[in-house]
Amino acid sequence: MNIHEYQAKQIFAKYGVPTPKGIMVESVKDAVVAAETLGGPVWVVKAQIHAGGRGLGGGVKLAKSLEEVEALANEILGMTLVTHQTTAEGKLVQKLYIEDGADIQSELYLSVVLDRKLEMPLIMASTEGGMNIEDVAENTPEKIVTIPVDPAIGFQGFHGRQLAFGLGITDKNEQKNIISFAQKLFKLYMEKDAEMIEINPLVKTGDGEFLALDGKMGFDNSALGRQPEIAAMRDLSEEDADEIEAAKYGLSYVALDGEIGCMVNGAGLAMGTMDTINHMGGTPANFLDVGGSANAETVAKGFEIILKNPNVKAIFVNIFGGIVRCDRIANGIIEATKITDVNVPVIVRLDGTNAPEAAEILKNANIANLIVGDDLGDGAAKAVKAAAEFKGK
Amino acid sequence: MSILVNKDSKVIVQGFTGKEGTFHAEQCIAYGTNIVGGVTPNKGGQTHLEKPVFNTVAQAVASTGATVSMIFVPPAFVGDAVMEAAEAGIELAVIITEGAPIKDMQMAKAHANKHGMMTIGPNCPGIITAEECKIGIMPGSIFKKGNVGLISKSGTLTYEGANQVCNEGYGITTAVGIGGDPIIGLSYNQILPMFEADPETKCIVMIGEIGGDLEIQAAALIKEQITKPVVAFIAGQTAPKGKTMGHAGAIVSGSAGTAKEKMEALEAAGVKVVVSPADIGKAVKELLG
């Protein structure tokens, strides 16, 4: 789960990680009031969306007067921001963060991420702040310092020294400041079950202080149960409405731009089904994993969500029952045809636990448009053919 | 022969008396797995599924001589359970539970390593040595005995692959579902050499997916150490980018993570890579003749 910059900075503040002062607002009027409260003389007006690259997209701008704050708030609030991390449609800006301008002497980069290979958190830092870190890694990898921190021992003095010397910081006061900054950031990374914290840029001010000018945080979804304060920061308007609706029923759904709706159990088989359809000349309309506890109701819901997509020309139900019982899926399909108007061909392949019972149930139900697939390859081929024929009608 | 577990493996179940633990332990016993008892705190001394229940893993190990534990405890307690097993002298913990916090698994795996305990999972179907020992939630009936070893990140693709192999007239030595979480126990590079060393295994099926670079590491190992034929499928060729992977995390392992890159690395290592999971069985047939 990701959060907004202003929320990340609220967490930073609690841990004593220095940030410029700022206020989140949702209207132009409040933006001006916020700017007055902060005092100026320079402010930054920042779009709050869950994506990086906001500055380049025109969503972060400097204001030197209250009039400019008002004009910029007017311009940015309600705009659709397209960055390299959003889709081509972009994201609607509904919140602004009005922030004090900082006295920037230099820009750095600092992040804490999980290193899957080392199986521990990794602090990454670079003198090349404000740039796309992927580009830095590609072009000048020597400018990135990486420091793995074993959670069993935590952030030690030597980690701090590696960081400070790695960034070429020689002033003792500045060394003390950057080490303290990173230590606090690591503490919050661990205590809040963060998956990723990225500060780009981290700025050094004229008096040798370090400030988080930006803040991006992602959290481990599996740990949200014990992090109620973080869970409460979830902004549903930043997420896909169909994905949220599907999740309520234990379904994992991602919309794609093809024509064959897919309903599969297990993430791996779901991806494998999409790949097979693609390989046979069709295009998948979605990823949908019905999960381990699929029943008639969730299957019916899955049909409803898939059919909301007007591009869908056929639906391929591909189940290999382990924990999921095929007879329950079969009943779900029948249920779905009663509740929802399924006007496209449905190709069903059920294998594994209780597959013979399921075949019997479907046979007796006499559903129009239903085609049985013998195995994965056969089912996918029939789905591609049926979608093409349906399109031709 | 087989790898890791066989009919003589003594297995306990952590989270034995819970709904999931009970259901699957029963299925495992029916399959022939030598389940010697289980652990549920405060239920020690009771009998469940005709097996003794213990309060701690240490007591269970002392009393039964168990070396393997199948873990079904709820996600919030998985880390704790794995560390308890490690300290009690368990040699292999099979972690079925889905949704364990990543931080807990980092700590638990480091502790398991320290005590020399191997782990499989979490969030996996488990391990099965065909017609001998099933430790997990897979439908046992599809795994016929044979000479193909199988390693997979995905549960249902494990079943799909095994089913195709058996439908072609071959069978399985051992199938291991390693799980798809960011922190997992045994992976390709520990299991591939075990299959290489197992005289009964003649061919290996490896199923991977997008994200991380375990498959790339496996390709390097296969090139140097594996002489047996390998069939591979990588799921997610058509998956949209950036849907699950964190932004900054992506650069740690370079640009790794796409299906295409993994497939190319495996092909370059001499692996028979199939573009659809529907072709796994046919590919095995081609290689084994």
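Located above this text is the structure these notes cover.
All values reported here derive from a predicted model rather than from experimental measurement.

Q: It is not clear to me how the packing of aromatic side chains should be interpreted in this structure. Could you clarify?
A: Each aromatic ring pair is described using two quantities: the centre-to-centre distance and the angle formed by the ring planes. Residue and element names in this part refer to chain A. Within this structure, the stated rule accounts for four aromatic pairs over all chains. Geometrically, the ring pair formed by Phe 186 and Tyr 189 is stacked, given 6.5 Å between the ring centres and 20 degrees between the ring planes. You can see Phe 186 and its partner Tyr 189 sitting in helix α6 (residues 172-191), three residues apart, about one turn around the helix. The pair Phe 186 / Tyr 189 is uniform in exposure class, with both members buried. Taken together through their ring pairs, the aromatic side chains of Phe 155, Phe 186 and Tyr 189 make up a single cluster.

Q: Help me understand the interface of chain A and chain B, please; the structure alone is not making it clear to me.
A: Many analyses report the size of an interface as the accessible area lost when the parts associate. Residue-level contacts link 51 residues of chain A with 48 residues of chain B. In total, chain A and chain B occlude about 3,900 Å² of area from one another, counting both sides; carbon and sulfur atoms represent 63% of this. Considering only the surface of chain A that becomes buried against chain B, Arg116(A), Glu119(A) and Phe320(A) emerge as the three largest contributors, covering 17% of it. At the surface where chain A touches chain B, the tally comes to five salt bridges. Here chain A and chain B share 12 residue pairs in polar contact (both at pLDDT 80 or more) between them. When residues of the side of chain A that touches chain B are assigned to their parent elements, the largest contribution, nine residues, is made by helix α9 (residues 267-279) of chain A.

Q: What exactly am I supposed to notice about the pattern of salt bridges here?
A: Proximity of charged atoms lets side chains of opposite charge pair with each other. Residues and elements named next belong to chain A. A complete count under the given rule lists 38 salt bridges over all chains for this structure. Put simply, Lys 46 and Glu 99 hold a salt bridge, and the shortest N to O gap is 3.0 Å. Placement of the pair is Lys 46 in strand β3 (residues 43-47) and Glu 99 in strand β7 (residues 96-100), with a sequence separation of 53 residues. Members of the salt-bridge network, linked through shared partners, are Glu 5, Lys 9, Lys 46, Arg 54, Glu 99 and Asp 214.

Q: Help me understand helix α5 (residues 157-166) of chain A, please; the structure alone is not making it clear to me.
A: At 3.6 residues per turn, the α-helix brings residues three or four places apart onto the same side. All names here are of chain A. Along α5, the positions that sit buried rather than exposed are His 159, Gly 160, Leu 163 and Ala 164. Angular distribution of buried residues about the axis of α5 spans 130 degrees; they occupy a single face of the element. Those residues of α5 hidden inside the fold are in contact with β8 (104-115), β9 (120-126), β10 (144-148) and α6. Just downstream of α5 lies Gly 168, where phi reads positive at about 70 degrees.

What counts, and at which threshold
- Residues numbered from 1 in each chain as written.
- Chains lettered and ligands numbered in written order.
- Predicted model: local features only at pLDDT ≥ 70, side-chain atom pairs only at ≥ 80, totals over all residues.
- Heavy atoms only, no water.
- Phe/Tyr/Trp six-rings, centres within 6.5 Å; stacked < 30°, edge-to-face > 60°.
- Helix = DSSP H or I, 4+ residues; strand = E, 2+ residues; numbered from the N terminus.
- Buried < 20%, exposed > 50% of the residue type's maximum accessible area, 1.4 Å probe, protein only.
- Contact = heavy atoms within 4.5 Å.
- Buried area = accessible area lost by both parts, 1.4 Å probe.
- Salt bridge = Lys/Arg side-chain N within 4 Å of Asp/Glu carboxyl O.
- Polar contact = N/O pair within 3.5 Å; in protein donor to acceptor, adjacent residues only side chain to side chain.
- Arc of directions from axis to C-beta.

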